Amino acid sequence: MSTPGSSAPLGLAPSEMAEIVVAIAEKKAGTGSVKLFLLAILAGMYIAFGAVFSVLSVTGMAGVWPYGFTRIIAGLTFCLGLVLVVISGAELFTGNNLMVIAWINKRITLSAMLRNWGIVYAGNFFGSIFIAVLILASRLYTASNGELGKLMLTVADHKLHYSFLTALTLGILCNMLVCLAVWMTFSAPTSGGKILAILFPITAFIAAGFEHSVANMYVIPVAILLKGFDASFVSTLQIDTSAITWANFFVQNLLPVTLGNILGGAGLIGAFYAIIYPVKKKD
């Protein structure tokens, strides 16, 4: 869009953004399973890259720099993940929760939406674990005299000590911001505008400590795998890693956070915009 006599692109109105979301959701619903899974693997890897960058960026800052500043740095660097997903093109479970807009408008079926979510969720997990294995093989965790590895374990351990309700709530808050970031990218006509739309909501969710299921598919498994991959290294850190297990990951974190992400992204942001900006059915 542009004003008369001007070639400068302007952002789309929310009602127009809703139409774009529905059209994209229809395309996603019809995407073949193999292509969908491969795109989801890429998204899992991209979000993992964001998590790697985020933890690396604040290694050594605890107790030296102010807490709020440290959290903002972690959030800014994590933005890499969603920027890669949006600009490069990939399928992210949390962002795809916006497909509920198309379902509420009766443009896709519930089964088509759930099929997309299931395949994408699995692909995101696979991609995240793949990067975790590569990070361990690279021995990046030994950086800064092992401080990076210690922080990786500490972050994972912290995430595994939430109550179910706390993890659920943090998941709701997280995907409200993630889906708002994705929603706003549909207003931007340029890549630069899309990146700017992503920057503030994603920085905010990381800075506040909200919980993202796909990010946690890397953050926690990489710590679990590190315990077995280099037990001697972990033993030198003298920290309690007993809670960092697969069982705790799936039950204490991934389950409630995933449910929270769906409630926040689909149940609040997606459903609200579907009601506020209904999209006409095709003729």
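Right above here is the structure, for reference.
Overview of the structure.

Cut-offs applied
Residues numbered from 1 in each chain as written. Predicted model: local features only at pLDDT ≥ 70, side-chain atom pairs only at ≥ 80, totals over all residues. Heavy atoms only, no water. Salt bridge = Lys/Arg side-chain N within 4 Å of Asp/Glu carboxyl O. Helix = DSSP H or I, 4+ residues; strand = E, 2+ residues; numbered from the N terminus. Buried < 20%, exposed > 50% of the residue type's maximum accessible area, 1.4 Å probe, protein only. Core = buried A, V, L, I, M, F, W, Y, C linked by side-chain atoms within 4.5 Å. Contact = heavy atoms within 4.5 Å. Phe/Tyr/Trp six-rings, centres within 6.5 Å; stacked < 30°, edge-to-face > 60°. Axes fitted to C-alpha atoms, helices over the stretch in contact; angles between N-to-C directions. Parallel < 35°, antiparallel > 145°, perpendicular 65-115°, else oblique. Left-handed = near helix turned anticlockwise from the far one by under 90°. Nonpolar A, V, L, I, M, F, W, Y, C, P; charged D, E, K, R; others polar.

## Focus: the pattern of salt bridges
Scanning the entire structure with this criterion turns up 4 salt bridges. Where E26 meets R107, a salt bridge forms, and the shortest distance between an N and an O atom there is 2.8 Å. Here the residue E26 occupies a position in helix 1 (residues 14–29), and R107 occupies one in the loop between helix 5 (100–104) and helix 6 (110–138), the gap between them amounting to 81 residues. Take E26 and R107: they sit in the same class, and that class is buried.

## Considerations on unusual backbone geometry
Working note: non-glycine residues mostly have negative phi, and peptide bonds are mostly trans. Look at K106: it is not a glycine, yet its phi comes out positive at around 60°. Within the secondary structure, K106 is located in the loop between helix 5 and helix 6. Relative accessible area serves as the criterion here: at 64%, K106 is assigned to the exposed category. Notably, S144 is not glycine yet its phi reads approximately 55°, a positive angle. Residue position: S144 is located in the loop between helix 6 and helix 7 (147–159). Overall, S144 belongs to the partly exposed group, its relative accessible area being 45%.

## Focus on the nonpolar core
Ranked by size, the top nonpolar core spans 85 residues in total, and within it I202 and Y218 carry the most contacts. Here I202 is in contact with G75, F78, C79, L82, V178 and A181, once residues within four sequence places are set aside.

## Regarding the packing of aromatic side chains
Each aromatic ring pair is characterised by the separation of its centres together with the angle its planes make. On inspection of all chains with the given rule, the structure shows 13 aromatic pairs. Consider the rings of W246 and F250, whose centres lie 6.0 Å apart with planes at 25°: the pair is stacked. Remark: F250 and W246 occur in helix 12 (residues 246–276); sequence separation between them is 4 residues, near one turn of the helix. By relative accessible area, which is 33% here, W246 ends up partly exposed. Between F249 and F250, the ring centres sit 5.0 Å apart and the planes meet at 40°, which makes this aromatic pair tilted. In textbook terms, an aromatic cluster arises when at least three aromatic residues are bridged by ring pairs, as seen for F125, W246, F249 and F250.

## Focus on the packing of helix 3 (residues 67–89) against helix 9 (residues 191–208)
It is at 7 Å that the axes of helix 3 and helix 9 come closest, and there the two elements cross at 135°. With respect to helix 9, the element helix 3 is oriented oblique. The handedness of the crossing between helix 3 and helix 9 is right-handed. Where helix 3 abuts helix 9, its residues R71, I72, A74, G75, L76, F78, C79, L82, V83, V86 and I87 lie against S191, K194, I195, I198, L199, I202, T203, F205, I206 and A207. A breakdown of the residues in the contact of helix 3 with helix 9 according to their chemical character gives 16 nonpolar, 3 polar and 2 charged.

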